[in-house]
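# A structural walkthrough
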Amino acid sequence: MNLLPRAFESGAEDKVRRLVFIRLLVATLVVGAAVMAFQVRSDGISAAALYGLLGVMYVGTGAAYLAYSCGVPFPPIVRLLIGMDLGVLTLLLHYSGGSGSIFSILYILPIFMGGFYFQVSGGMITSLVAASVYIVFTLLEVSGHAGSPGSVTTYTRQGLFDSLLRGYVHM
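## Regarding the overall build of the protein
- Along the backbone of the protein there are five helices and zero strands.
- When the elements of the protein are put in sequence order from the N terminus, they spell out α-α-α-α-α.
- Sequence separation of at least 24 residues holds for 70% of the intrachain contacts in the protein that already meet a minimum separation of 6.
- Working note: accessible area of the protein is about 9500 Å², and carbon and sulfur atoms make up 70% of it.

## Structural notes on the pattern of salt bridges
- Per the counting criterion, the structure on display carries one salt bridge.
- Among the ionic pairs, Asp 85 bridges to Arg 23, the shortest N-O distance being 2.6 Å. Taken as a pair, Asp 85 in helix α3 (residues 74-95) and Arg 23 in helix α1 (residues 12-41) lie far apart in primary sequence, 62 residues in all.
- Relative accessible area serves as the criterion here: at 9%, Asp 85 is assigned to the buried category.

## Quick notes on helix α4 (residues 108-142)
- End to end, α4 covers just 23 Å across 35 residues, shorter than the expected 51 Å (1.5 Å per residue, more than 12% under).
- Within α4, the axis deviates most sharply at Phe 118, by approximately 150 degrees.
- Residue Gly 144 follows α4 closely and has a positive phi angle near 95 degrees.

## Focus on empty space enclosed by the protein
- Within this structure, the stated rule accounts for one cavity of 30 Å³ or more.
- One number sums up the size of the largest cavity: a volume of about 40 Å³.
- Contributing to the lining of the largest cavity are Val 16, Leu 19, Val 20, Thr 61, Ala 64, Tyr 65, Phe 74, Ile 77 and Leu 81.
- For the lining of the largest cavity, the elements supplying multiple residues, two or more each, are α1, α2 (48-69) and α3.
- Among the residues forming the lining of the largest cavity, the class breakdown is eight nonpolar, one polar and no charged.

## A short note on unusual backbone geometry
- Residue Gln 119 is not a glycine yet carries a positive backbone phi of 60 degrees.
- With respect to the secondary-structure elements, Gln 119 resides in helix α4.
- Judged by relative accessible area, Gln 119 falls into the partly exposed class, the value being 34%.

## Some remarks on the nonpolar core
- Judged by nonpolar contacts, the single largest core of 36 residues is most densely connected at Leu 50, Val 78 and Leu 92.
- Every element with two or more residues in this core is listed here: α1, α2, α3 and α4.
- Top element by residues in this core is α3. It accounts for ten residues.
- The residues contacting Leu 50, other than those within four sequence positions of it, are Val 31, Ala 34, Val 35, Phe 38, Leu 92 and Tyr 95.

## Re a nonpolar patch on the surface
- Residues Phe 21, Ile 22, Leu 25 and Leu 29 make up a contiguous nonpolar surface patch of roughly 420 Å² in combined accessible area.
- Assessed through its relative accessible area of 57%, Phe 21 is described here as exposed.

Definitions and limits used
- Residues numbered from 1 in each chain as written.
- Predicted model: local features only at pLDDT ≥ 70, side-chain atom pairs only at ≥ 80, totals over all residues.
- Heavy atoms only, no water.
- Helix = DSSP H or I, 4+ residues; strand = E, 2+ residues; numbered from the N terminus.
- Contact = heavy atoms within 4.5 Å.
- Areas by Shrake-Rupley, 256 points an atom, 1.4 Å probe, with all protein chains shown as cover.
- Salt bridge = Lys/Arg side-chain N within 4 Å of Asp/Glu carboxyl O.
- Buried < 20%, exposed > 50% of the residue type's maximum accessible area, 1.4 Å probe, protein only.
- Expected span 1.5 Å × (residues − 1).
- Bend = angle between axes of the 7 residues up to and from the residue.
- 1 Å grid on protein atoms, 1.4 Å probe; cavity = no way out; pocket = protein on both sides within 12 Å on 5 of 7 lines; lining within 4 Å.
- Points joined across faces, edges and corners; volume = space filled by probe spheres on them.
- Nonpolar A, V, L, I, M, F, W, Y, C, P; charged D, E, K, R; others polar.
- Core = buried A, V, L, I, M, F, W, Y, C linked by side-chain atoms within 4.5 Å.
- Patch = residues over 30% accessible without salt bridge, like charges linked within 9 Å, V, L, I, M, F, W, Y side chains within 5 Å.

Shown next as structure tokens:
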């Protein structure tokens, strides 16, 4: 009886290559959109941090591919990549306006990845972790511990409620 999800069956090498290509393509498009948004807003925020995040995505994805090539099982690699995606997305929010950033909707991408590779339970667990990360980030931002360089908002009780509601609706 095979208890591995369908994504880890035979032909996993093709799935790894597809995952690597899609991750790098999506990361490049997202960071490109963020850099263009910075250029349009022209509020003096450096895009260097975004290029650094893109570098992290490229290095992390390359390391995952090498690890798979060296015999590391695919499920732990996918879990690590999902965690890395959540961290990079949170930093992207930090540098692009905080919890009010237009990029907060991108938390759906790791959730899709968790659902695809680990079926329903993986998608549910990933969505729970993503929602938790977003809410913790919002609370840190509101308390002043994670001030976003792209954000000029000072939060009131209503602002906190609005941010948490936006996070809830997105998740």
